[in-house]
Amino acid sequence: MGFELKRSMETASPGVLWLSMIAALLFGRMPLVGTERDEEGTPPPSVAFQEGLQSPNCSQLTLKMEFSSKVVEHEYIVAFNGYFTAKARSHFISSALRNAEAGDWRIVRRENPASDYPSDFEVVQIRQAARDRLLSLQDHPYVKRVTPQRKVFRSLKLLDAAGDSGSSCNDTRWTQKWQSWQSSRPLRRTSLSLGSGFWHATGRHSSRRLLRAIPRHVAQILQADVLWQMGHTGSGVKVAVFDTGLSEKHPHFKNVKERTNWTNEKTLDDGLGHGTFVAGVIASMRECQGFAPDSELHIFRVFTNNQVSYTSWFLDAFNYAILKKIDVLNLSIGGPDFMDHPFVDKVWELTANRVIMVSAIGNDGPLYGTLNNPADQMDVIGVGGIDFEDNIARFSSRGMTTWELPGGYGRVKPDIVTYGSGVRGSGLKEGCRSLSGTSVASPVVAGAVTLLASTVLNRELVNPASMKQALIASARRIPGVNMFEQGHGKLDLLRAYQILNSYRPQASLSPSYIDLTECPYMWPYCSQPIYYGGMPTIVNVTILNGMAVTGRILDKPIWQPYLPQNGDHIDVAVSYSPVLWPWAGYLAVSISVAKKAASWEGIAQGHIMVTVASPAENDSEAGGELTSTVKLPVKVKIIPTPPRSKRVLWDQYHNLRYPPGYFPRDNLRMKNDPLDWNGDHIHTNFRDMYQHLRSMGYFVEVLGAPLTCFDASQYGTLLMVDSEEEYFPEEITKLRRDIDNGLSLIIFADWYNTSVMRKVKFYDENTRQWWMPDTGGANVPALNDLISVWGMAFSDGLYEGDFSMADHDMYYASGCSIARFPEGGTVIAQTLKDQGLEVLKQETAVVDSVPILGLYQTPSDGGGRIALYGDSNCIDDSHRQKGTALGLSVHYLIQYE
């Protein structure tokens, strides 16, 4: 298919040259920097659960898992402000619902080991017609929160990891199902185990040859046998495995202290094999030996054989773990929903009770901004995966955390990485199998933590913070890998042992220093020097407090510049957690260049001093405190302020994402994961675009505030991509004035159609109601308000299709068209499919001359330029399917004079 140019001007102008450059470069091909993508680029289907999953004596198996979830209609979790007996809980609910009819509601009976103990929540079933009763419940003084009950489905698939035809594994049969347009809510907390095809090694040896060249098991590879020979085998440490259960007479385990069932099935056995594998990595005593064979295993069966679980099952099981004084808890599940309040609150409570939680960081790599919860929490040890060549596993999720966006900047995660590819563990009934995924790396660390805890004579020193401090301080840095991929590095068991056994309660920082010149480890900070007038560089540092579960920062952190090292050339401001709980808090460091260094180039250094105070739990004097002072070195590179034409401002403030609201994916073909949750940041899913712009000499800054809060005279271009937030009238007025004064504007939009939005609604398991998207792929009505002053508007059409332009192939993925454009502008049109018609009526239609790209030079003297494009998927790492010169396209939009 060719392309059509529509121009309202009849004579040639510089705009024609601009258009030709844009056409050639917007759709050109070039290698993508730092990205690995599937060749076909198509999302995998959701997989239905397998019946009769059995594979005893398998020598090399991998386990691919996928999750989906569905709200339990009419059921709600009522969380209380404390622990109460069943009688008291019933009284509170009856009091709150006293005006409701008897048949409108009932308390759902829960029969499990925690039933005999006080609890801090209840599950209530409320009829559809009585939804107004939710407000009455929420207003009760003893009720903290009311959220919907959630039902989770996990799908597992056994694969032959070795590829040997002689494998003794049984064949399995599978069915596939694709989500319909009107789908149930997708996976919130997913199982994090994969097939071997989701990772790769970059060295000369293939992963399969390398694995066969390593005869030892993972515990021996990490030198656990050195600690075994010293008499340390995990004795006296209680470790909990939250998974699919364990058979009573499995030959690999000698110290299963308790098996509990939290499901609605009358069995304690593992019918799937994943829970057995995880338990084996931690505590198997023979064949594929675990790290801590003498530890006390507490098996929590929280998934049925049909791979179903409920939020309330986890909450009850977590409460029971606290009652049983569990020391270490492995959780190989995760999801993007860090605002799932009952779950997150309970994790905090667990760690506050000295439970060391180890959790998989996620299998959504190699994309950035894909960390899973609860592994992304400060108090949890988040584990990423590597292969046996010490390469970051392709599947392992990358940072940064996205809790802090759009106003701040994410934290460093994962905390640590370890082997998660081709790791061997216990089979379902006997023997060993090989699995891959961060859910495999997680029990490796959980087993190591259990073993380490058993080596410490004074167990009071072991807590979630001190254990994490020992792990990250001893980790081995992997060369050539940044901190959002490897965290602090690779697990080193023996170094962690040495640190832990000489440990004194103290505070520490993660990262322990800020060096904006150290590449690639400190990427993205090291990728761009700082300069006077730029947006402050924000580094989000985690404070770990090994002294006590709670603490505070004593006085205000002090910036101490090194004058001989030009420290007075930078200004440093800090904000911090008023309370450190549980075990951790944040220190946000904002770095900017002083005016005196506007034309200066060089290195500036200094440090920040932070003193943490915590109550002395064992102090004989009432009110005694422990204090710990830590130093945070800071090193930056300063350059003279670049010219305006080289400075690009990325609008982060108007980019929203799940979970604060339901924001659907920009590409509607991605039905397996319709939530937009990667942060929409230049350092997450727009990382490649950022890299390209930097390689071409542009300086990209992030605006985390309204458009009224920046000096437009400092910037050549404002870049808006996939905006979901509304614009204040003051922002619209200021932007018009800024463009008249020379600021250029580039907008990448996405689809917006209210009928399609109704079609992609889902039933939410947390709120017990249908969720309509807060907007489409982008908030087109808000964008139209912003650009209407220039006679521009996007349409509510929804288009997709392949086309070629300037001899290059392109794909338009669920984009909108341009409905209105001013005279004197230039528009490019293409022949595309009407995807909206396909979604709504399952009909196919081809539409000619769909305007997708508009270019306009404002008429005012010295005025800026405006470019509109109806689809952001071409520059989004999580959606892009065909090669595009993503950074180059923006480069030529910016460069045109």
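For the structure itself, consult the block above.
A few points on the structure. (Residues numbered from 1 in each chain as written. Predicted model: local features only at pLDDT ≥ 70, side-chain atom pairs only at ≥ 80, totals over all residues. Heavy atoms only, no water.)

Inspection of the entire model under this criterion finds two disulfides. Covalent S-S linkage joins Cys-288 and Cys-432, the inter-sulfur distance amounting to 2.3 Å. Its torsion about the S-S bond being -100°, the disulfide of Cys-288 and Cys-432 is classed as left-handed. Of this pair, Cys-288 sits in the loop between α7 (274–283) and β11 (296–301) while Cys-432 sits in strand β19 (residues 432–435), and the two are 144 residues apart along the sequence. (Disulfide = S-S within 2.5 Å. Helix = DSSP H or I, 4+ residues; strand = E, 2+ residues; numbered from the N terminus.)

Once that is clear, we can look at the nonpolar core. Counting 70 residues, the largest nonpolar core has Ile-514, Ile-570, Val-589, Ile-608, Val-636 and Tyr-869 as the members making the most contacts within it. Ranked by the residues each element gives to this core, the list is headed by strand β28 (residues 625–638), at five residues. Sequence-distant contacts of Val-636, that is, excluding residues within four places in its chain, are made with Leu-516, Thr-517, Ile-530, Ile-570, Ile-591, Gly-602, Ile-603 and Ala-604. Ala-283, Ala-292, Ile-386 and Ala-475 belong to the second largest nonpolar core, which has 59 residues in total. (Core = buried A, V, L, I, M, F, W, Y, C linked by side-chain atoms within 4.5 Å. Buried < 20%, exposed > 50% of the residue type's maximum accessible area, 1.4 Å probe, protein only. Contact = heavy atoms within 4.5 Å.)

Quick look at the side chain of Asp-120 now. Take Asp-120: it is sitting in strand β5 (residues 119–126). A distance of 3.1 Å separates the side chain of Asp-120 from the side chain of Asn-319, its partner in a polar contact. For Asp-120, the side chain forms a polar contact with the side chain of Lys-346, separated by 2.4 Å. Once you skip the residues sitting within four places of it in the chain, Asp-120 turns out to touch Val-78, Ala-79, Phe-80, Gly-82, Tyr-83, Asn-319, Lys-346 and Glu-349. (Polar contact = N/O pair within 3.5 Å; in protein donor to acceptor, adjacent residues only side chain to side chain.)

Backbone hydrogen bonds are what pair the strands of a sheet, in a parallel or an antiparallel way. Taken in spatial order, the four strands make up an open sheet running β20-β22-β26-β25, and their pairing is antiparallel. Both edges of this open sheet fall to β20 (507–510) and β25 (570–576), since each of them pairs with a single strand only. For this sheet, the mean inter-axis angle between neighbouring strands, taken without regard to orientation, is 25°. Relative to strand β26 (residues 584–593), β25 runs antiparallel, the two being bridged by seven bridges. The partner of Val-572 across the bridge, within β26, is Ile-591. (Pairing = 2+ DSSP bridges. Axes fitted to C-alpha atoms, helices over the stretch in contact; angles between N-to-C directions.)

Here the focus is the packing of helix α11 (residues 464–474) against helix α13 (residues 493–500). The contact between α11 and α13 brings their axes to 8 Å, and the two run at 130°. Judged by the angle between their axes, α11 and α13 are oblique. Crossing of α11 against α13: the hand is right-handed. Touching Ser-466, Met-467, Ala-470, Leu-471, Ala-473 and Ser-474 of α11 are Arg-495, Ala-496, Ile-499 and Leu-500, all from α13. Taken together, the residues of the contact of α11 with α13 break down into seven nonpolar, two polar and one charged. (Parallel < 35°, antiparallel > 145°, perpendicular 65-115°, else oblique. Left-handed = near helix turned anticlockwise from the far one by under 90°. Nonpolar A, V, L, I, M, F, W, Y, C, P; charged D, E, K, R; others polar.)

Here the focus is the pattern of salt bridges. What the rule picks out here adds up to 23 salt bridges. Put simply, Asp-120 and Lys-346 hold a salt bridge, and the shortest N to O gap is 2.4 Å. Of this pair, Asp-120 sits in strand β5 while Lys-346 is found in helix α9 (residues 341–352), placing the two residues 226 residues apart along the sequence. With a shortest N-O distance of 3.2 Å, Asp-390 and Lys-490 are connected by a salt bridge. A residue pair is termed long-range when its members are at least 10 positions apart, and Asp-390 in the loop between β16 (381–386) and β17 (416–419) and Lys-490 in the loop between α12 (483–486) and α13 qualify at 100 residues. The network of salt bridges with common partners includes Arg-89, Arg-110, Glu-122 and Asp-316. (Salt bridge = Lys/Arg side-chain N within 4 Å of Asp/Glu carboxyl O.)

Glancing now at helix α2 (residues 86–96). Among the residues of α2, those classed as buried are Arg-89, Phe-92, Ile-93 and Ala-96. Angularly, the buried residues of α2 cover 95° about the axis, an arc narrow enough to put them on a single face. Turned more than 90 degrees from where α2 packs its buried face, Lys-87 and His-91 sit exposed. (Arc of directions from axis to C-beta.)

The strand order across the open sheet built from seven strands is β10-β11-β9-β13-β15-β16-β17, with neighbouring strands paired in parallel fashion. Each edge of the open sheet is held by one strand with a lone partner, namely β10 (256–261) and β17. In this sheet, adjacent strand axes meet at a mean angle of 25° when their direction is disregarded. Examined bridge by bridge, β16 and β17 share four bridges and lie parallel to one another. Across the sheet, Gly-385 pairs through a bridge with Thr-418, a residue of β17. Set on the sheet, helix α10 (residues 438–454) makes contact with β9 (238–243), β13 (328–331), β15 (356–360), β16 and β17; between it and β16 the angle comes to about 120°. Sheet strands in contact with α11 are β15, β16 and β17, and its direction is about 30° off that of β16.

With that settled, the discussion passes to α7. Along α7, ten of the ten residues are buried, which leaves the element largely enclosed by surrounding structure. Where α7 is concerned, the buried positions are His-274, Gly-275, Thr-276, Phe-277, Val-278, Ala-279, Gly-280, Val-281, Ile-282 and Ala-283.

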